[in-house]
Each structure stands twice: as C-alpha cells, then as structure tokens.
Amino acid sequence: MSNDMYSVEQVADLLGLHVRTVRGYIRSGRLRATRIGKQYRITRADLDALTGRPAPPSAPGAEVSSVVRLDGVDRAAVDRLATLVLAGVNTHHDPDRPLRVQTVHDEERHRMTIMILGDLTATADLLRLLDGVLDGVLDGGNGLLGGGEHSRG
C-alpha cells in the first residue's frame, strides 16, 4: 500500500543501515520525512524514491476543483462551517484519493472561501452537505450561521 508509514528504525532495518545514517539522510534532504511529535515518519513513496524503485502507477481517475464563496459570515460562523466541512472530508474513506480542503476567512469583508480538490464523487457529496446546511440557513433558519444576513457569492 502506498500510504504505509515507517519509523526511522524500520527504514534502517529495511535498508540494512544504521539509524544515524537514516537520520542523516533526512537532515540532508536526501530522504523526505514528516516529523510527528519527536519522531520522523517516512512514507512508502519517499522510501521508494530514495531506493530508486519506480512508484506504482496511479489509478486512472478524474479530479475536480471547486471554490465556494460565502458572504456575510462572521468568525463564529466560519468556525462552525469549517468544522462541518472537515467532518465531511473525514468521512471520505479512500486513502489513495484524498479530498483536500482549505478554508479562508476575510474578516474585513465577512467572506468565507472554501476550496475543494478531489475526486468527483467525494467532492459532490461534500458540496451537497454544504448546500443542505446553507439552504436551511438561507431559508430563514437560525441554525449554523446565526441570525444575520447571508448570501452565496
């Protein structure tokens, strides 16, 4: 599986190297690693790149990018919407095709922008979730966003 994560010790064992050598590769940039707390984790793809193994072919598929802009939202509403969107992303269970989301809030303009990049089905599911929540708010509900004026830009 391409999403396997290895510790420095595991990489050293796999390659027959000393742990200090692997750490040296990480510090020099020869081996990419992610620091999690006080430990490094190395992905299978990064290990393959170091050893010269070809990366497994990626599955054919399509990606879609979407930008949702919401006007008239305050900081509290942005926080609630961002939490909802991230919860929607976390329900997507295909690790080989992750759904990537970024939210930005412009306090001065009371505008929130949500950028989504991922496969068609997961993006559509997330947009339907967001649309359902916003329809309830825009139809007069005071739920998620509170009582102010809101419009989709």
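Report follows, based on the coordinates. For clarity, every value in this text was computed on a predicted model and none was experimentally measured. (Residues numbered from 1 in each chain as written. Predicted model: local features only at pLDDT ≥ 70, side-chain atom pairs only at ≥ 80, totals over all residues. Heavy atoms only, no water.)

Let's shift gears to the nonpolar core. Counting 17 residues, the largest nonpolar core has Leu 70, Met 112, Ile 114 and Leu 130 as its most contacted members. Residue assignment for this core shows that the elements contributing at least two residues are β4 (63-71), α4 (75-90), β6 (111-119) and α5 (120-138). If you tally residues by element for this core, the top one is α4, at 6 residues. Of all hydrophobic cores here, the second largest spans 10 residues; its members include Val 8, Val 11, Ile 26 and Leu 47. (Core = buried A, V, L, I, M, F, W, Y, C linked by side-chain atoms within 4.5 Å. Buried < 20%, exposed > 50% of the residue type's maximum accessible area, 1.4 Å probe, protein only. Helix = DSSP H or I, 4+ residues; strand = E, 2+ residues; numbered from the N terminus.)

The next point concerns the pattern of salt bridges. The final tally for this structure, using the stated rule, is 9 salt bridges. Taking the shortest distance from any N to any O, the salt bridge between Asp 48 and Arg 44 comes out at 3.3 Å. Of this pair, Asp 48 and Arg 44 both sit in helix α3 (residues 44-51), 4 residues apart, which is roughly one turn of the helix. Notably, a salt bridge pairs Glu 107 with Arg 75, separated by 3.5 Å at the nearest N-O pair. Here Glu 107, found in the loop between β5 (100-106) and β6, pairs with Arg 75, found in helix α4; they are 32 residues apart in sequence, far enough to count as distant. According to the relative accessible area criterion, Arg 75 is partly exposed, its value standing at 38%. Bridged by salt links that share partners, the residues Arg 44, Asp 48 and Arg 53 form one connected network. (Salt bridge = Lys/Arg side-chain N within 4 Å of Asp/Glu carboxyl O.)

Turning to helix α1 (residues 8-15), a few remarks are in order. Listed as buried for α1 are Val 8, Val 11 and Ala 12. One face of α1 carries all of its buried residues, which in axial projection span an arc of 100 degrees. Exposed residues lying more than 90 degrees from the buried face of α1 are Asp 13 and Leu 14. The elements touched by buried residues of α1 are β1 (5-7), α2 (19-28), β3 (39-43) and α3. Backbone geometry just after α1 places Gly 16 at a positive phi near 70 degrees. (Arc of directions from axis to C-beta. Contact = heavy atoms within 4.5 Å.)

What the 3 strands build is an open sheet, ordered β1-β3-β2; its pairing is antiparallel. Each of the sheet's edge strands pairs with one partner strand only, and the pair in question is β1 and β2 (34-36). Ignoring strand direction, the axes of neighbouring strands in this sheet form an average angle of 40 degrees. As judged from the 3 bridges shared by β1 and β3, these two strands associate in the antiparallel manner. The partner of Ser 7 across the bridge, within β3, is Arg 41. Docked against the sheet, α1 engages β1 and β3, running at close to 90 degrees with respect to β1. Along the sheet, α3 makes contact with β1 and β3, crossing β3 at roughly 75 degrees. (Pairing = 2+ DSSP bridges. Axes fitted to C-alpha atoms, helices over the stretch in contact; angles between N-to-C directions.)

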